[in-house]
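The primary structure of each chain is shown beneath.
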Amino acid sequence: MRYAFGLFSIIPVKPFDVDRRVATRAMAAFPWMGLLLGAVAGGLLFGAWHLAGPLLGAMLALGLLAWLTGAIHLDGVADTADGLGSRRSPEEALTIMRKSDVGPMGVAALVLVLLIQAAALASMPTAQVAVVGVAGAAAVGRLAVTLATTSQRSARQQGFGALFVGVTGYGAVTVNTLAVMAVLLAAAYWAGGYHDVLATGIALAACALVGAIWARRLLRRLGGWTGDTFGSLIEVTQTVFLVAVALAS
């Protein structure tokens, strides 16, 4: 968890050297780091929901998540949208993604992702369901990246994203997936009983389907994973999870 927080959040931890061993351990803890950050954001959502209303609670929760993670995943979805939207060759698309500026496709993707996530959270029937929704989305989005890091395909030989390509074994993926599913289904039962367990199960299935489709699209278009595409995978699966829970609840 120290490695996960040190690499993927702004929360200060004891310094450490970054190598493939650290990347492997951080990736194994990544979904649980997401669950903890999502639970903190859920606490803020719960308070604001009852004090001011669902929409403000949703926006504050998403803003807190973005702040705690340094908005690196939002940056990833914007850069990926610019690269894919350029319709250039994989090499040129990757060059566009490395630029520090954000183009119109990236801005549009960023705004739509945040608006859809906020609307989904605000549409949930109770504050308890919304809390489980935001915590679950943060965990599932990062679980998707843990799954993706079983792949050996890297779009670049150097860079932060390349450090994590291929670091996760199938045993770690299986344990993490089953454990995250169990925790989220138990939390859904606490929030709303069997109806919300069903809604969460539907959301998990939708994330698996859409996440697989999005991962396949990225690999075919760009030839491998980058830090930006990992970030886009997080935001896409988070959005799908929240929308599915809102629709099914």
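Going by the structure above, here's the rest.
The following refers to the structure shown. (Residues numbered from 1 in each chain as written. Predicted model: local features only at pLDDT ≥ 70, side-chain atom pairs only at ≥ 80, totals over all residues. Heavy atoms only, no water.)

It is worth spelling out the overall build of the protein at this point. From N to C terminus, the protein includes 10 helices and 0 strands. Along the protein, helices (α) and strands (β) appear in the sequence α-α-α-α-α-α-α-α-α-α when read from the amino end. Rg of the C-alpha trace for the protein: 17 Å, near the compact-globule value of 18 Å for 249 residues, within the 12% margin. For the protein, the C-alpha atoms occupy an extent of roughly 50 × 40 × 35 Å along the three principal directions. (Helix = DSSP H or I, 4+ residues; strand = E, 2+ residues; numbered from the N terminus. Rg over C-alpha atoms; globule rule 2.2 N^0.38 Å.)

Glancing now at helix α7 (residues 127-148). Helix length check: α7 (22 residues) gives 32 Å between terminal C-alpha atoms against 32 Å at 1.5 Å per residue, within 8%. Taken across its 22 residues, α7 has 20 buried, putting it largely inside the fold. (Expected span 1.5 Å × (residues − 1). Buried < 20%, exposed > 50% of the residue type's maximum accessible area, 1.4 Å probe, protein only.)

Residue placement: Ala 109 occurs in helix α6 (residues 104-122). Here Ala 109 falls in the buried class, since its relative accessible area comes to 18%. Ala 109 sits 10 residues away from Ala 119 along the chain, and the two C-alpha atoms are 15 Å apart.

Quick look at the packing of aromatic side chains now. Inspection of the entire model under this criterion finds 7 aromatic pairs. A ring pair is formed by Phe 160 and Phe 164, whose centres lie 5.1 Å apart and whose planes are at 70 degrees; its orientation type is edge-to-face. Looking at Phe 160, the relative accessible area reads 43%, which means it is partly exposed. In textbook terms, an aromatic cluster arises when at least three aromatic residues are bridged by ring pairs, as seen for Phe 8, Phe 30, Phe 160 and Phe 164. (Phe/Tyr/Trp six-rings, centres within 6.5 Å; stacked < 30°, edge-to-face > 60°.)

Turning next to the nonpolar core. Of all hydrophobic cores here, the largest spans 71 residues; its most connected members are Phe 8, Leu 121, Met 124, Phe 164, Trp 225 and Phe 241. Residues contacting Phe 8, with those up to four places away along its chain left out, are Ala 26, Met 27, Phe 30, Met 33, Thr 69, Ile 72, Phe 160 and Phe 164. (Core = buried A, V, L, I, M, F, W, Y, C linked by side-chain atoms within 4.5 Å. Contact = heavy atoms within 4.5 Å.)

The subject of this paragraph is unusual backbone geometry. Phi angles above zero are rare outside glycine, and Ala 71 is one such case at about 55 degrees. With respect to the helices and strands, Ala 71 occurs in the loop between α3 (54-68) and α4 (72-85). When its relative accessible area of 29% is taken as the criterion, Ala 71 is described as partly exposed.

Turning next to the environment of Ile 213. In this fold, Ile 213 is placed in helix α9 (residues 194-222). Using a relative accessible area of 53% as the deciding quantity, one classes Ile 213 as exposed. When the C-alpha atoms of Ile 213 and Ala 93 are compared, they prove to be 20 Å apart, with 120 residues separating the residues in sequence.

Running from N to C, α3 and α6 point in directions that differ by 130 degrees, and their axes come no closer than 8 Å. Comparing the axis directions of α3 and α6 gives the class oblique. Pair α3 / α6 crosses with right-handed handedness. In contact with Pro 54, Leu 55, Ala 58, Met 59 and Leu 62 of α3, α6 contributes Leu 114, Gln 117, Ala 118, Leu 121 and Ala 122. (Axes fitted to C-alpha atoms, helices over the stretch in contact; angles between N-to-C directions. Parallel < 35°, antiparallel > 145°, perpendicular 65-115°, else oblique. Left-handed = near helix turned anticlockwise from the far one by under 90°.)

A word on the packing of helix α2 (residues 20-51) against helix α8 (residues 170-192). At a closest axis distance of 10 Å, the pairing of α2 and α8 adopts a crossing angle of 15 degrees. What the angle tells us is that α2 and α8 run roughly parallel. For the pair α2 and α8, the crossing hand works out as right-handed. Contacts between α2 and α8 pair Ala 28, Pro 31, Trp 32 and Leu 35 from the former with Asn 176, Ala 179, Val 180, Val 183 and Leu 184 from the latter.

This part is about the environment of Arg 142. Residue position: Arg 142 is located in helix α7. When the C-alpha atoms of Arg 142 and Gly 231 are compared, they prove to be 9.0 Å apart, with 89 residues separating the residues in sequence. Excluding its chain neighbours within four sequence positions, the residues that come into contact with Arg 142 are Phe 30, Pro 31, Met 33, Gly 34, Thr 69, His 73, Ile 234 and Gln 238. Engagement of the side chain of Arg 142 in a polar contact is seen with the side chain of Gln 238, the distance being 2.9 Å. (Polar contact = N/O pair within 3.5 Å; in protein donor to acceptor, adjacent residues only side chain to side chain.)

Our focus in this paragraph is α9. The first and last C-alpha atoms of α9 sit 41 Å apart over 29 residues, in line with the 42 Å expected at 1.5 Å per residue. Count one or two residues on from α9 and you reach Gly 223, which has phi positive near 90 degrees.

Read these as geometric descriptors, not functional statements.
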